[in-house]
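# Residue-level structure breakdown
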Amino acid sequence: MACFFLISFFASGREHNWRFDDELEKIYKLAIDLQIDQAKALLTKVTDKDKELYKIYLQSLCESLDVFIGEDLVKFEEMEKNFKVRIKLLESMPVSAETLFLRAELALHKGFNQ
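Owing to the predicted nature of the structure, the values given are computational and were not obtained by experimental measurement. (Residues numbered from 1 in each chain as written. Predicted model: local features only at pLDDT ≥ 70, side-chain atom pairs only at ≥ 80, totals over all residues. Heavy atoms only, no water.)

### Structural notes on the packing of aromatic side chains
In the structure shown here, the tally under the stated rule is three aromatic pairs. Chaining the aromatic ring pairs together yields one cluster made of Phe-20, Tyr-28, Tyr-54 and Tyr-57. (Phe/Tyr/Trp six-rings, centres within 6.5 Å; stacked < 30°, edge-to-face > 60°.)

Put into structure tokens, the structure is as follows:
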């Protein structure tokens, strides 16, 4: 049954993958390489509304990694506040695979630091 679901999912012809463009991929790689300040600096330059969900994801990832590595209580509290704001924003958007995916990812980011 699971195989049928996967076949029907991929046979639908729609693109179901999140794909970063070059700019977002660079930010992601900086974050993963723990160059958080550089990643955050580049994120401030992302203004395209079509990239809003990607930006939310990357902001959350940067904050989560920063808190995880630095164990800074002030940054943890800021991350907690930002998590609530981002979840409210996502809840205000129409329900879609992307918003549900992002809500789950944000919860994972937050969970890393609990």
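### Let's talk about the environment of Glu-80
With respect to the element layout, Glu-80 can be found in helix α5 (residues 73-92). Along the chain, Glu-80 and Asn-113 lie 33 residues apart, while their C-alpha atoms are 9.8 Å from each other. Residues in contact with Glu-80, not counting those within four places in the same chain, are Lys-110 and Gln-114. (Helix = DSSP H or I, 4+ residues; strand = E, 2+ residues; numbered from the N terminus. Contact = heavy atoms within 4.5 Å.)

### Observations regarding the nonpolar core
With 22 residues, the main nonpolar core has Leu-102 and Leu-106 as its most contacted residues. Residue assignment for this core shows that the elements contributing at least two residues are α2 (22-32), α3 (36-43), α4 (52-70), α5 and α6 (97-112). Examining the composition of this core, we find that eight residues originate from one element, α4, more than from any other. Non-local contacts of Leu-102, meaning those with residues more than four positions away in its chain, are made with Trp-18, Leu-53, Ile-56, Tyr-57 and Leu-90. (Core = buried A, V, L, I, M, F, W, Y, C linked by side-chain atoms within 4.5 Å. Buried < 20%, exposed > 50% of the residue type's maximum accessible area, 1.4 Å probe, protein only.)

### Describing α3
Every buried residue belonging to α3 is among Ile-36, Ala-39 and Leu-43, and all of these are buried. For α3, the angular spread of buried residues about the axis comes to 65°, placing them on one side. Buried-residue contacts for α3 involve α2 and α4. (Arc of directions from axis to C-beta.)

### Comments concerning the packing of α2 against α3
As a packed pair, α2 and α3 sit with axes 7 Å apart at the nearest point and diverge in direction by 155°. Classified by the angle their axes make, α2 and α3 are roughly antiparallel. Where α2 crosses over α3, the handedness of that crossing is left-handed. Residue-level contacts link Lys-26, Ile-27, Leu-30 and Ala-31 of α2 to Ile-36, Gln-38, Ala-39, Leu-42 and Leu-43 of α3. Its residues placed into classes, the contact of α2 with α3 shows seven nonpolar, one polar and one charged. (Axes fitted to C-alpha atoms, helices over the stretch in contact; angles between N-to-C directions. Parallel < 35°, antiparallel > 145°, perpendicular 65-115°, else oblique. Left-handed = near helix turned anticlockwise from the far one by under 90°. Nonpolar A, V, L, I, M, F, W, Y, C, P; charged D, E, K, R; others polar.)

### Concerning the pattern of salt bridges
A full pass over the atoms with the stated rule returns nine salt bridges. As a salt-bridge pair, Arg-86 and Glu-63 come within 2.8 Å of each other at their nearest N and O atoms. Of this pair, Arg-86 sits in helix α5 while Glu-63 sits in helix α4; the two residues are 23 residues apart in sequence, bridging distant segments of the chain. Side by side, Arg-86 and Glu-63 carry an identical accessibility label, which is buried. (Salt bridge = Lys/Arg side-chain N within 4 Å of Asp/Glu carboxyl O.)

### Thoughts on unusual backbone geometry
Positioned with a positive phi, Leu-34 is a non-glycine residue whose angle comes to about 65°. Phi is positive for Glu-71, close to 50°, though the residue is something other than glycine. You can see Glu-71 is positioned in the loop between α4 and α5. Of the residues examined, Glu-71 reaches a relative accessible area of 70% and is grouped as exposed.

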